[in-house]
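Below are the chains, spelled out letter by letter.
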Amino acid sequence: MRPSRVEAFLAKLYTDEDFLGKFLREPEILSRKEGLTGTEAKEMAGMDLTGLGFAADSFKHKRRGRGGKGRKRFGIL
Amino acid sequence: MTGGILSNLDKIDVLEMVAENFQGSSKGRLRSFKTLGSEVPLILHGVSMGLASTYPVETKRLEGMARLMEALRPETWSEHLSFVRAGGIEIGHLAAPPRTFENIQGSLENLGRAARVVGCRPALENIATLVQPPVSTMDEPTWVGGILEGSDCPFLLDLHNLYANALNIGEDPLEYLERFHLDRVQMVHLSGGRWISNPQAPEPGARRWLDDHLHDVPDPVFKLLEVVARRTAGSLTIILERDGNYPSFESLLGQLELARRAVQAGVDHRNSSPEMAGVS
């Protein structure tokens, strides 16, 4: 299995604010520079940018330590 | 919270524990939880393996889960259908990968490796996502279904994740639910969330429903649970998730009671249905 370039690209978008800023300015050009195919770059440029902003904020928040630790769960049935 | 759980074990049938919180624990701590497991069944829940990926799952993480399974002897374990790292970058949380055939293939390879190292297959949980993964060639129900069919893993259906995703793509949650493999559901997660907005978003007035585990379970999610119970003939394990902003323990038990009623309503509906009862 060849690892997906798109997964690596998304991981960088979600974690690197400078990279995200560059992407929002020139999504297709940056996608091509990072090795995505022309088709992948076009799809990246057409992605849900509003959702991308929400997701990147949420991941940043999670990395700062809220959530994940001390989770307590209980169940029924 | 721990005190509330321990003093209400007569009302709680199962405990789910985040596996990563126990990695590196002392033998004494593990022994105490194993003892707890003799009073109430335990389930280990992983949050950091990144099984739904074209990148191979890290062997050390699988071996860590195997050691915990040996030490705590839970009923089973579960993980998310997400990727959490790629290209040497740790995202730090659960992310939705591009939904492609290549991803399904990579996920199946990871699940096969997980089963070999840990000793059994995990239940697989659908995740909430605030962004639709780009470069996808299929929708979420098709992608989840492809992995479930290929892996023979049980389905841990997180109904609040499903509810959030449906709202965020403008679909009716009940209709969205029907597109998943409900016949494979063995466990259910319930939690709450809230609307979030971003004034700087490219789309004016845009908002998304966030799965934050900080709020009570919304009423529509209990309705979804009723439908799942109506459609699922086998046993169901229902887990209430809460990560903070804790109400009184009585309030949490009240939500468990609402879940029990929703399940009972679904079972009653199934039993009263001639079609479901096999009478034409």
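Residues numbered from 1 in each chain as written. Chains lettered and ligands numbered in written order. Predicted model: local features only at pLDDT ≥ 70, side-chain atom pairs only at ≥ 80, totals over all residues. Heavy atoms only, no water.

### Details of the side chain of Ser-58 of chain A
Using the following cut-off: Each helix is a run of H or I in the DSSP string that is no shorter than four residues. Each strand is a run of E no shorter than two, and both are numbered from the N terminus. By definition, residues are in contact when any of their heavy atoms lie within 4.5 Å.
Relative to the assigned elements, Ser-58 of chain A resides in helix 5 (residues 49–63). Beyond its immediate stretch of four places on either side in the chain, Ser-58 of chain A contacts Leu-130 and Leu-210 of chain B.

### A word on the nonpolar core
Stated precisely, the cut-off is as follows: We define the nonpolar core as a collection of buried residues of types Ala, Val, Leu, Ile, Met, Phe, Trp, Tyr and Cys that are connected through side-chain atoms lying within 4.5 Å of one another. Burial classes: relative accessible area under 20% of the type maximum marks a residue as buried, over 50% as exposed, and values in between as partly exposed (1.4 Å probe, protein chains only). Residue ranges assigned to the domains are those given by an automatic or database domain assignment.
If you look at the biggest cluster of nonpolar residues, it comprises 67 residues, and the most contacted ones within it are Leu-44, Leu-157, Leu-159, Leu-177, Val-188, Leu-190 and Leu-225 of chain B. Mapping this core onto the domain boundaries places at least three of its residues in each of domain 1 (1–152) and domain 2 (154–266) of chain B. The next biggest cluster of nonpolar side chains, apart from the first, holds 30 residues, and it includes Leu-10 and Met-44 of chain A together with Leu-130 and Ala-206 of chain B.

### Quick word on the domain arrangement of chain B
All names here are of chain B. Going by this rule: What counts as buried area is the accessible surface, traced by a 1.4 Å probe, that two parts surrender upon association, with contributions from both included. Salt bridge, as used here, is a side-chain nitrogen of Lys or Arg placed within 4 Å of a carboxyl oxygen of Asp or Glu.
Annotation of chain B at the domain level lists domain 1 (1–152) and domain 2 (154–266). For domain 1 and domain 2, the distance between their C-alpha centroids amounts to 19 Å. On the side of domain 2, 31 residues touch domain 1, which itself brings 31 residues to the contact. In total, about 2700 Å² of surface goes out of reach between domain 1 and domain 2, with carbon and sulfur atoms giving 61% of it. Sorting the residues of domain 1 by area buried against domain 2 places Asn-126, Leu-130 and Pro-141 first, and these three jointly supply 22% of that buried surface. Viewed at the interface, domain 2 and domain 1 are joined by 2 salt bridges.

### Details of the environment of Thr-142 of chain B
Residues and elements named next belong to chain B. How we decide: Polar contacts, as used here, are pairs of N or O atoms within 3.5 Å; protein pairs need one atom able to donate a hydrogen and one able to accept it. Residues neighboring in sequence count only if both atoms are side-chain atoms.
You can see Thr-142 is positioned in helix 5 (residues 140–151). On the accessibility criterion, Thr-142 (45% relative accessible area) is partly exposed. At a separation of 2.6 Å, a polar atom in the side chain of Thr-142 contacts the side chain of Asp-139.

### Some words on the packing of helix 2 (residues 27–37) of chain B against helix 3 (residues 59–72) of chain B
All names here are of chain B. To keep it simple, the criterion reads: Where helices are involved, their axes are fitted lines through C-alpha atoms of the stretch in contact, as for all axes, and angles between N-to-C directions lie from 0 to 180°. Angles below 35 degrees are treated as roughly parallel, those above 145 as roughly antiparallel, those between 65 and 115 as roughly perpendicular, and all remaining angles as oblique. Amino acids are sorted into nonpolar (Ala, Val, Leu, Ile, Met, Phe, Trp, Tyr, Cys and Pro), charged (Asp, Glu, Lys and Arg) and polar (every other residue, Gly among them).
Where helix 2 contacts helix 3, the two axes come as close as 8 Å, and the packing angle between them is 60 degrees. Taken together, the axes of helix 2 and helix 3 are oblique relative to one another. Side by side, helix 2 and helix 3 meet where Leu-30, Phe-33 and Lys-34 of the first sit next to Leu-68, Ala-71 and Leu-72 of the second. Tallied by class, residues from the contact of helix 2 with helix 3 come to 5 nonpolar, no polar and 1 charged.

### Some thoughts on the pairing of strand 8 (residues 185–190) of chain B
Residue and element names in this part refer to chain B. This is how the line gets drawn: Pairing between strands requires that DSSP locate at least two bridges from one strand to the other.
For strand 8, the buried fraction is high: 5 of the 6 residues fall into the buried class. Both strand 7 (residues 155–158) and strand 8 contribute to a ladder of 4 bridges, which runs parallel. Counterpart to Leu-157 in the pairing with strand 8 is Val-188. With 4 bridges connecting them, strand 8 and strand 11 (residues 237–242) associate as parallel partners. Looking at strand 11, one finds that Met-187 is bridged to Thr-237.

### Looking at the packing of aromatic side chains
Test applied: Aromatic contacts are taken between Phe, Tyr and Trp rings whose centres are within 6.5 Å, Trp giving its six-membered ring; a plane angle under 30 degrees counts as stacked, one over 60 as edge-to-face, and the others as tilted. For a lysine, the NZ atom is tested; for an arginine, the CZ atom; a charge sits over a ring if that atom is within 6 Å of the ring centre and within 35 degrees of the ring normal.
Enumeration according to the criterion identifies 8 aromatic pairs over all chains in this entry. Centroid distance Phe-9 of chain A to Phe-19 of chain A: 5.3 Å. Interplanar angle 70 degrees. Geometry classified as edge-to-face. Of this pair, Phe-9 of chain A sits in helix 1 (residues 5–15) while Phe-19 of chain A is found in helix 2 (residues 17–25), placing the two residues 10 residues apart along the sequence. Here the aromatic rings of Phe-22 of chain B and Phe-33 of chain B are separated by 4.7 Å at their centres, their planes lie at 80 degrees, and the arrangement is edge-to-face. Taken together, the positions of Phe-22 of chain B in the loop between strand 1 (15–18) and helix 2 and Phe-33 of chain B in helix 2 put the pair 11 residues apart, joining distant regions of the chain. Residue Phe-33 of chain B is classed as partly exposed on the basis of its relative accessible area, which comes to 22%. Ring-pair connections join several aromatic residues into one group, and the members of that group are Phe-9, Phe-19 and Phe-23 of chain A. One cation-aromatic arrangement involves Arg-207 of chain B over Trp-195 of chain B; the distance from NZ or CZ to the ring centre is 3.7 Å.

### Considerations on helix 4 (residues 38–45) of chain A
All names here are of chain A. Spelled out, the test is: As used here, the arc is the angular range of directions from the helix axis to the C-beta atoms.
Of all the positions in helix 4, only Glu-40, Ala-41 and Met-44 are classed as buried. Seen end-on, helix 4 carries its buried residues on one side only, within an arc spanning 100 degrees. Opposite the buried face of helix 4, by more than 90 degrees, sit the exposed residues Thr-39 and Lys-42.

### Some remarks on the state of the cysteines
Residue and element names in this part refer to chain B. What counts is decided by this rule: By convention in this document, the label disulfide applies to cysteine sulfur atom pairs within 2.5 Å.
Going through the model one piece at a time under the given rule, you end up with 0 disulfides over all chains. Cys-120 takes part in no disulfide bond, and the closest cysteine sulfur to it belongs to Cys-153, at a distance of 9.5 Å. A residue is classified by how much of its surface remains accessible, and Cys-120, at 28% relative accessible area, is partly exposed. Residue class for Cys-153 comes out buried when judged on its relative accessible area of 1%.

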